[in-house]
Amino acid sequence: MCETIAHRGPDGSGLHVEPSAVLGMRRLAVVDMAGGDQPVYSEDGTIVAVFNGEIYNFAELRAELLARGHRLTANGDSECLVHLYEEHGDAFVHRLRGMFAFALWDGRGRRLLLARDRVGKKPLYWGMRSGSLRFASELKALVRDPRWRGEIDPVALHHYLTFQYVPAPWSIFEGIGKLPPGSTLVWQDGRVHVDRYWRLDATPRPAAAAEEEAERLRELLLETTRLRMAGERPIGAFLSGGIDSSAVVAAMARQSPHPVRTFCVGFEEAGFDEREHAREVAALYGTDHSEMVLSASPLDVLPALAWHFDEPFADSSAIPTFLVAKMSSREVTVVLNGDGGDESFGGYRRYALLQRSSWLRAPSAASPLLGAAGRNLRALSRQGSLLRRAGWSMELAGLSAAGRYTRLMSYFTEEQKRKVYTPWQRGRVAGVRSGAIVERAFEESSAGCDLTRFMDVDVNTYLPGDLLVKSDISTMACSLEARSPFLDHVLMEWAAGLPGELKICGGTTKYLLKRAMADWLPAHLLKRPKMGFGVPLASWLRTGLRPLAHDLLADATVRDRGIFAPRAVARLLAEHAAGRDHSNRIWTLMQFELWHRTHLPARPTERSAAECHSRPRPT
């Protein structure tokens, strides 16, 4: 879905839509390849829609619409939208089971409806200017307007440094926002109204015996996987060797008449390489398996990532995700993955750490001292070590639940951001706290305990802001569609109400999922520690990536922007080279600079641009 503009007509009497999406709309064809052209229209032509994504229950919806007398000219999912709107109005979004971002123009009601899927798999940007509303699935489409000023939003940048992504509803640019997941936007008579139509309900419910719940989980996973295997194009799966992707491959193999195509990326560093486990699952299920090894220098892929990610994005696992997508796209058009398993079933090691840290009670006066000692201990210890975990426990002691979560998810703390900013940049974000985003998510959660609340907050922040952005952009850049059985909202709603002890029990993460997979996967695979999909970033920044880091962050271009203090940045680089681990912070700064040079290469410095305008900056 490329740019579309809606605005008042020259006589002021009505609303007119310029569907440039009609000319620029490109959707990866998977279902109804012959008849899936867009836009789609109602029978009388007064309702028109453009759509990005997949509706997995479209066959059921299509049969229902035909039974009610609607005429459908194609066999795919897009056309269902306009007829469902005729039947149910805006509430039809509740009938959709899938991933989507769409725009629907109601000519009779002179109103525009935008909507985004429940968990935020598909992006949707929008902005208002001079009475016009513009929207697109890519930020690039909106910023091509020559009248657009292109100023970086200082608050969005402030949040990016904390989380490594720009959270909704912000975008990196002033005047453009992201529609949050599970939300609709209605534009009528020149006014905009945003409403959230879905939020995961984590209210505790009575649970059956563990084996009964495990059986229900297997049934749901088989169903959600089957729905995502539909299509007319070749299909495969990402297989990392972890429990989530292995469970999806097992569910696929049980329902596929042909060997499943599986794809894996590994590393030269043994501590980050899971290829051995992926091969074992591939052999168990007889998949047609392919793998590649990521070298110690990802330099070749960084320019492509900077181009495809329309906003600064510093999750370094985007590198292997993009490369495995590129490899997969040579043989398949659709891949299934294990996204969402951790958030629904308690897979992240940080959940256990956060749970343990809640048992520590430190006097408030001692908290700063413990925090400083913990930070020093972590900086001098290696990833995953006992010293690293002890450092985290010390730093989190005495903080609130929201405070512990925020600290654990912060790549730059508020104090660290103040130190790295110039005085000018500090003034632009005075009083802004990124932790307020987390605190709001905690307040809105209906979860019954801190453990399940941590997972619910992840669903509303980290999952849509980081993981789904990484997956969608990396795969779509390679003309590959990623589908996630664990992110089916029916499965997520069932899992959200499970008690915490079925998710983490006796220190065992993913307790119920592991129990459900006991007959599907080898026992030693279920028992091994979670590795994740990280990269050896700290060592890369001391070896192959070190020259690039210095070239990007120590030259005159960065100094002239007036955002970051050169001495503070130089100190980070020097301390990291000497053994302290500043890899995530350095990478976050590097990715912002790479993004800036790619998307705003010829613009004046931020400081000089700001000094040219007298209007006050919002905070």
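Description of the structure in this document. Quantities reported herein were computed from a predicted structural model and do not represent experimental measurements. (Residues numbered from 1 in each chain as written. Predicted model: local features only at pLDDT ≥ 70, side-chain atom pairs only at ≥ 80, totals over all residues. Heavy atoms only, no water.)

## Overview of the sheet that holds strand S4 (residues 47–55)
Thinking step 1. The strand order across the open sheet formed by 6 strands is S3-S4-S5-S6-S10-S11, and the pairing between neighbours is antiparallel. Edge positions in the open sheet fall to strand S3 (40–41) and strand S11 (191–196), since each of these has one partner strand only.
Thinking step 2. Of the pairings in the sheet, the one linking strand S6 (residues 111–116) to strand S10 (residues 183–188) comprises 5 bridges and is antiparallel in character. Paired with Arg111 across the bridge in S10 is Gln188. (Pairing = 2+ DSSP bridges. Helix = DSSP H or I, 4+ residues; strand = E, 2+ residues; numbered from the N terminus.)

## With respect to the packing of helix H18 (residues 435–444) against helix H19 (residues 450–460)
Thinking step 1. Two elements in contact, H18 and H19, have axes whose closest approach is 9 Å; the angle formed by their N-to-C orientations is 120 degrees. On the basis of their axis angle, the class for H18 and H19 is oblique. Taken as a pair, H18 and H19 cross one another with a handedness that is right-handed. Taking contact as the criterion, the partners of Val438, Ala441 and Phe442 in H18 are, on H19, Arg453, Phe454 and Val457.
Thinking step 2. Within the contact of H18 with H19, the residues separate by chemical class into 5 nonpolar, no polar and 1 charged. (Axes fitted to C-alpha atoms, helices over the stretch in contact; angles between N-to-C directions. Parallel < 35°, antiparallel > 145°, perpendicular 65-115°, else oblique. Left-handed = near helix turned anticlockwise from the far one by under 90°. Contact = heavy atoms within 4.5 Å. Nonpolar A, V, L, I, M, F, W, Y, C, P; charged D, E, K, R; others polar.)

## Here we look at the environment of Glu444
Thinking step 1. With respect to the helices and strands, the residue Glu444 is situated in helix H18.
Thinking step 2. It is 9.6 Å that separates the C-alpha atoms of Glu444 and Asp456, two residues lying 12 residues apart in sequence.

## With respect to unusual backbone geometry
Thinking step 1. The omega angle of the peptide bond from Ala168 to Pro169 is 10 degrees, so this bond is cis rather than trans.
Thinking step 2. Residue position: Pro169 is located in the loop between helix H5 (154–163) and strand S9 (177–178).
Thinking step 3. In this model, Gln164 sits at a positive phi of 75 degrees, which is unusual for a non-glycine residue.
Thinking step 4. Inspection of the secondary structure assignment puts Gln164 in the loop between H5 and S9.
Thinking step 5. Residue classification places Gln164 among the buried residues on the basis of a relative accessible area of 3%.
Thinking step 6. Even without glycine at this site, Asp189 takes up a positive phi of about 55 degrees.
Thinking step 7. The topology assignment puts Asp189 in the loop between S10 and S11.
Thinking step 8. The exposure class assigned to Asp189 is partly exposed, which follows from its relative accessible area of 34%. (Buried < 20%, exposed > 50% of the residue type's maximum accessible area, 1.4 Å probe, protein only.)

## So, the pattern of salt bridges
If the charged atoms of two oppositely charged side chains come close together, the side chains can form a pair.
Thinking step 1. Applying the stated criterion across every chain, the model contains 41 salt bridges.
Thinking step 2. Notably, a salt bridge pairs Arg97 with Glu223, separated by 3.3 Å at the nearest N-O pair. With a gap of 126 residues between them, Arg97 in the loop between helix H3 (80–88) and strand S5 (98–106) and Glu223 in helix H6 (residues 210–228) connect regions that are remote in the sequence.
Thinking step 3. A relative accessible area of 14% means that Arg97 is categorised as buried.
Thinking step 4. For Arg129, the salt bridge identified is with Asp145, shortest N-O distance 2.6 Å. (Salt bridge = Lys/Arg side-chain N within 4 Å of Asp/Glu carboxyl O.)

## Details of the packing of helix H12 (residues 349–357) against H19
Thinking step 1. It is at 9 Å that the axes of H12 and H19 come closest, and there the two elements cross at 135 degrees. Accordingly, the angle class assigned to the pair H12 and H19 is oblique. Of the two elements, H12 crosses H19, and the hand of that crossing is right-handed. Packed against H12, whose contacting residues are Arg350, Tyr351, Leu354 and Gln355, the element H19 presents Leu451, Phe454, Met455 and Asp458 at the interface.

## Some details on the sheet that holds strand S14 (residues 288–294)
Thinking step 1. Pairing is parallel in the open sheet, where 5 strands are placed in the order S14-S13-S12-S15-S16. Two strands in the sheet have a free side with no partner beyond their single neighbour: S14 and strand S16 (481–483). When strand polarity is set aside, the average angle formed by the axes of neighbouring strands in this sheet is 30 degrees.
Thinking step 2. Here 3 bridges tie strand S12 (residues 235–238) to strand S13 (residues 261–267), and the two strands are oriented parallel to one another. Counterpart to Ala237 in the pairing with S13 is Thr262.

## Description of a nonpolar patch on the surface
Thinking step 1. Together, Met128, Val192 and Val194 make up a nonpolar patch on the protein surface, roughly 200 Å² of accessible area in all.
Thinking step 2. Along the chain, Val192 turns up in strand S11.
Thinking step 3. When its relative accessible area of 34% is taken as the criterion, Val192 is described as partly exposed. (Patch = residues over 30% accessible without salt bridge, like charges linked within 9 Å, V, L, I, M, F, W, Y side chains within 5 Å. Areas by Shrake-Rupley, 256 points an atom, 1.4 Å probe, with all protein chains shown as cover.)

## Structural notes on the pairing of S5
Thinking step 1. Counting buried positions along S5 gives 8 out of 9 residues, so the element sits mostly inside the fold.
Thinking step 2. Pairing of S4 with S5 involves 9 bridges; the strand directions are antiparallel. Across the sheet, the residue bridging to Ile55 is Gly98, located in S5.
Thinking step 3. Where S5 folds back onto S6 in an antiparallel hairpin, the turn is made up of 4 residues, including Arg110, whose phi is positive at roughly 50 degrees.

## Considerations on the side chain of Glu311
Thinking step 1. Looking at the element boundaries, Glu311 is found in the loop between helix H9 (302–308) and helix H10 (318–328).
Thinking step 2. On the accessibility criterion, Glu311 (10% relative accessible area) is buried.
Thinking step 3. Here Ile172 takes part through its backbone nitrogen, which lies 2.8 Å from a polar atom of the side chain of Glu311.
Thinking step 4. For Glu311, the contacting residues outside a window of four places in its chain are Tyr125, Leu139, Val166, Trp170, Ser171, Ile172, Lys178 and Trp595. (Polar contact = N/O pair within 3.5 Å; in protein donor to acceptor, adjacent residues only side chain to side chain.)

## Digging into helix H7 (residues 243–253)
Thinking step 1. Most of H7 sits out of view: 10 of its 11 residues are buried.
Thinking step 2. Of all the positions in H7, only Ile243, Asp244, Ser245, Ser246, Ala247, Val248, Val249, Ala250, Ala251 and Met252 are classed as buried.

## Some remarks on the pairing of S4
Thinking step 1. Burial within S4 is extensive, with 9 of its 9 residues counted as buried.
Thinking step 2. Bridging between S3 and S4 involves 2 bridges; their strand directions are antiparallel. In the sheet register, Tyr41 faces S4, and the bridge partner there is Val48.
Thinking step 3. Between S3 and the antiparallel strand that follows it, S4, lie 5 residues; Gly45 among them carries a positive phi value of about 80 degrees.

## Observations concerning the packing of aromatic side chains
Any aromatic ring pair is given by two values, namely how distant the centres are and how the planes are angled relative to each other.
Thinking step 1. One pass over the structure, following the stated rule, counts 16 aromatic pairs.
Thinking step 2. Judged by centre distance (6.0 Å) and plane angle (65 degrees), the rings of Tyr405 and Phe442 are edge-to-face. Residue Tyr405 is located in helix H15 (residues 401–409), and its partner Phe442 is located in helix H18; the two are separated by 37 residues in the primary sequence.
Thinking step 3. A centroid spacing of 6.4 Å and a plane angle of 20 degrees characterise the contact between Tyr421 and Phe564, whose relative ring orientation is stacked. In this pair, Tyr421 is assigned in the loop between helix H16 (414–420) and helix H17 (423–428) and Phe564 in the loop between helix H26 (556–561) and helix H27 (566–577), connecting sequence segments 143 residues apart. Residues Tyr421 and Phe564 agree in their burial class; the two are buried. (Phe/Tyr/Trp six-rings, centres within 6.5 Å; stacked < 30°, edge-to-face > 60°.)

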